[in-house]
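Below, each chain spelled out in residue letters.
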Amino acid sequence: MAGSKMSLLLLLMLVISVMLTEAIQAGPELDPYKILGVTKSASQAEIKKVYKRLAKEWHPDKNKNPGAEDMFIKITKSYEILSSEDKRANYDLYGQTDDTQPYSSSRYSARQDNFHFDESFFNFPFNNKNQRDFADGKYTLHFNQYVNDVVPDSYRRPYLIKITSDWCFSCIHIEPVWKEVVQEMEILGVGVGVVDVGYERRLANHLGAHRTPSILGVINGKVTFFHFAVAREHLKQFVEDLLPQRLVERVTDKNDQQFLNRWHELNKPHVLLFDQVSVVPLLYKLTAFAYKDYLQFGYVDQGLSETVNLQKQFNINTYAPTMLVFKENTEKPADIIQAKGMKKQIIDEFMSNNKFLLAPRLVNQKLFDELCPVKQFHRRRKFCVLLITRDEEVFSSGNQAFLSFASSNTKEVVRFAYVYPRLQQPLCDILIQNKDSTQSAPQVVILERRNSAGKALFKPVTMWNGSEEDRQLLREELQRLQKDPSILIHDAMLPELNNEFASMFVIRWIYASYDYLTEVIDDILHNNWREMMPLLSLIFSALFILFGTVVVQAFSDSSEDKQTKPKAKAENGSPDSSASSRPPKKNFVEVTELTDITYLSNLVKLRPGHMNIVLVLTDASKNVLLSKFAKEVYSFTG
């Protein structure tokens, strides 16, 4: 009896232990707090700090422990849960580690032949298009969108693009870093895109991406691949390396005047940023790239002793970054902004308000279109006051007076500009009524553009020498114009302006070639052979054609040498002893003796269109006449 009770007790304990084991297995296998080693009251900053340390410690590329990869996945998944407020709250309330189902549960698992098949292993963040983590759908790119939107926009800002797919296991590893970098770069103005190979194979092939995950950058329509370990610092440096190297110039007390005085040559305002960091901030570089066609940028490091005079001259506050814009007056900034932690929106507004000089020179059609836009509505009409002048020293006082007048009349409805007739002759010929005036005094013209085809209304106002009478007359005309725009009595079709900076194309081409060669060398160093295959194929094809041409030419020259060796007999019918060597060039024709052998080849079998001249000689006259005959007919050979 006691033995049976003992057996029942043991059986009951066995059943309880099995139930407890199943209950433990049925519970969640992933405890994100335990894996990261943080408490439930931990802040996001603490969680982020711990995650960075653990991810670095357990990364499979650095940790050769067999279980490092599984541990790294758990760390990544735990961070994804705790870094998201919604997922963290869902786990705290229900113990679920995903929005739709537990990360691992016994009802999603099955055992068969000692192989544990866990379906959650295949539940990647990208597996379901509706469940993609970090709102990848917001950045998803399609082929037409890339061609029509991204490529044109890449001339104003760089793009960071990730190539992924639904079943990309390695994409889980880079997702936390990608999320952090994208959030930081997007605030700075970098474009972001995601290409799913499963849905956009055409775009992936167009970009030259043949593996997942891949990260690439697009700038000025050119694609550059990221080859380093996916880390925040590496990706940030990659974005900086995408930008051209000559965007921002270092300015000190030694070259500040040289930098600011180039406003006339470049026809641009100049921007100076004062900051205490030794490296030019990425936000400032991105701003310089976005406004490179309008503004010239310089950077002043406040920590250098060579910049003390500049800081004193413009009374710069050392506790916050300061940005100054200089136009025609290099002694006094036209605008200033100073703030700690400058935001992109504030900087963009600041730059947009200072894109042009007070009176810029019309150097191309693009500047003309933006400075003097076509009339769209009555309340948005723009009038342009144009000074047609020359750049000789004798006209400098009048030009300076026009600039002074423009600086004192900064109404939004009126824009001021000047033009040189020798550079924009077609435009000046139309606007100037008195053609002889182009050789004398400058002239002021007021115009309004009516359509994009070139139609404009205009009125020549006065000859301009900068006198007080000229200023008063122009001031009265502008006042009349605001009340009655019909005073513009002349109309004409304006021609397209010449691009005065077209001569700089060679310099830009050299810079572009240098950047391209740098990219090619970088690709070769990183063994990106598949992406380099088209270029290598082109190079080897060109070398093969060149080598083949040389070989063919060499064989051709050799055969011609053999054919031009003398085959004729000497004049006395005996063979030429020097036939083995190439004969020197002669100024007479060789005459072949007509025999029974040469009769058939030279006369009977003569090709159509050819003819032979037969000279009948005697033995006595042959030696005298033959040489003279050979020289006389030499010019008719061939």
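Residues numbered from 1 in each chain as written. Predicted model: local features only at pLDDT ≥ 70, side-chain atom pairs only at ≥ 80, totals over all residues. Heavy atoms only, no water.

Some details on helix 17 (residues 396–407)
The end-to-end C-alpha separation of helix 17 is 16 Å, in line with the 16 Å expected for 12 residues at 1.5 Å each. Those residues of helix 17 lying buried are Gly-398, Ala-401, Phe-402, Leu-403, Phe-405 and Ala-406. Here the buried face of helix 17 lies against strand 12 (383–388), strand 13 (414–419) and helix 19 (468–483). (Helix = DSSP H or I, 4+ residues; strand = E, 2+ residues; numbered from the N terminus. Expected span 1.5 Å × (residues − 1). Buried < 20%, exposed > 50% of the residue type's maximum accessible area, 1.4 Å probe, protein only. Contact = heavy atoms within 4.5 Å.)

With respect to the environment of Glu-184
Turning to its location among the elements, Glu-184 is positioned in helix 8 (residues 171–188). For the pair formed by Glu-184 and Lys-236, sequence separation is 52 residues and the distance between their alpha carbons is 9.2 Å. With residues near it in sequence (within four places) discarded, Glu-184 still touches Arg-232 and Lys-236.

Some thoughts on the pattern of salt bridges
With the rule as written, the count across this model stands at 21 salt bridges. Across the pair Glu-180 and Lys-48 runs a salt bridge, and its minimum N-O distance is 3.3 Å. One end of the pair, Glu-180, is in helix 8; the other, Lys-48, is in helix 3 (residues 44–58), with 132 residues separating them in the sequence. Between Asp-153 and Arg-157 there is a salt bridge, with the nearest N and O atoms lying 2.7 Å from each other. Each of the salt bridges in this network shares a partner with another, and the network as a whole consists of Lys-48, Lys-52, Glu-180, Glu-184, Arg-232, Glu-233 and Lys-236. (Salt bridge = Lys/Arg side-chain N within 4 Å of Asp/Glu carboxyl O.)

A closer look at the pairing of strand 15 (residues 455–463)
Across the 9 residues of strand 15, 7 count as buried, placing the element largely inside the fold. Taken together, the 7 bridges between strand 14 (residues 443–449) and strand 15 define a ladder with antiparallel strand orientation. Each residue of the ladder has a partner; that of Val-445, found in strand 15, is Pro-460. What sits between strand 14 and strand 15 in their antiparallel hairpin is a turn of 5 residues, with Gly-454 showing a positive phi close to 120 degrees. Here strand 15 pairs with strand 16 (residues 490–493) via 4 bridges, running antiparallel. In the strand pairing of strand 16, Ala-456 is matched with Ala-492. (Pairing = 2+ DSSP bridges.)

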